[in-house]
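Structure assessment
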Amino acid sequence: DVPGNAAYFGGYHATKRALLQTQPQQSSSSSSYDYYYSLAVTLFAGGMAGMANWIVAIPMDVIKSRWQTGDQQYASVGHVVRDLLEKEGP
């Protein structure tokens, strides 16, 4: 879970920072536009962070699950990876 969480929080921070740099300077009075713009940036950054988490965590979770349920047919994690690539492709 640690690599997936690192990808999630890193992706969230990087996306939000990149999008907020394009935001126009806010005036002293906050408008509803600023609120909805910030809300949209937060939601989009959260979605991108979720995708970053999946890209990192899901492949490792599949390998772990196959190894755990392999009924001793796999000698190592590398064996699981080779078998997955041979039978199911990259």
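Below is a short write-up of the structure.

Attention shifts here to a nonpolar patch on the surface. There is a patch of nonpolar side chains on the surface, built from Phe-44, Met-48, Met-51, Trp-54, Ile-58 and Val-62 and spanning about 580 Å² of accessible area. In this structure, Phe-44 sits in helix H2 (residues 32-68).

Before going further, it helps to examine the packing of aromatic side chains. Each pair of aromatic rings is reported with the distance of its centres and the angle of its planes. Counting across every chain of the model gives 1 aromatic pair. When the ring of Tyr-8 is compared with that of Phe-9, the centres are 5.1 Å apart and the planes differ by 90 degrees; the resulting orientation is edge-to-face. With a relative accessible area of 28%, Tyr-8 lands in the partly exposed category.

For the rest of this paragraph, the subject is the pattern of salt bridges. Overall, the coordinates contain 3 salt bridges when judged by the stated rule. Two residues, Lys-64 and Asp-61, come together in a salt bridge whose shortest N-O distance is 3.5 Å. With Lys-64 and Asp-61 both in helix H2 and 3 residues apart, this pair spans about one turn of that helix. By relative accessible area, which is 37% here, Asp-61 ends up partly exposed. Where Asp-83 meets Lys-87, a salt bridge forms, and the shortest distance between an N and an O atom there is 3.3 Å.

How each quantity is defined
Residues numbered from 1 in each chain as written. Predicted model: local features only at pLDDT ≥ 70, side-chain atom pairs only at ≥ 80, totals over all residues. Heavy atoms only, no water. Patch = residues over 30% accessible without salt bridge, like charges linked within 9 Å, V, L, I, M, F, W, Y side chains within 5 Å. Areas by Shrake-Rupley, 256 points an atom, 1.4 Å probe, with all protein chains shown as cover. Salt bridge = Lys/Arg side-chain N within 4 Å of Asp/Glu carboxyl O. Helix = DSSP H or I, 4+ residues; strand = E, 2+ residues; numbered from the N terminus. Phe/Tyr/Trp six-rings, centres within 6.5 Å; stacked < 30°, edge-to-face > 60°. Buried < 20%, exposed > 50% of the residue type's maximum accessible area, 1.4 Å probe, protein only.

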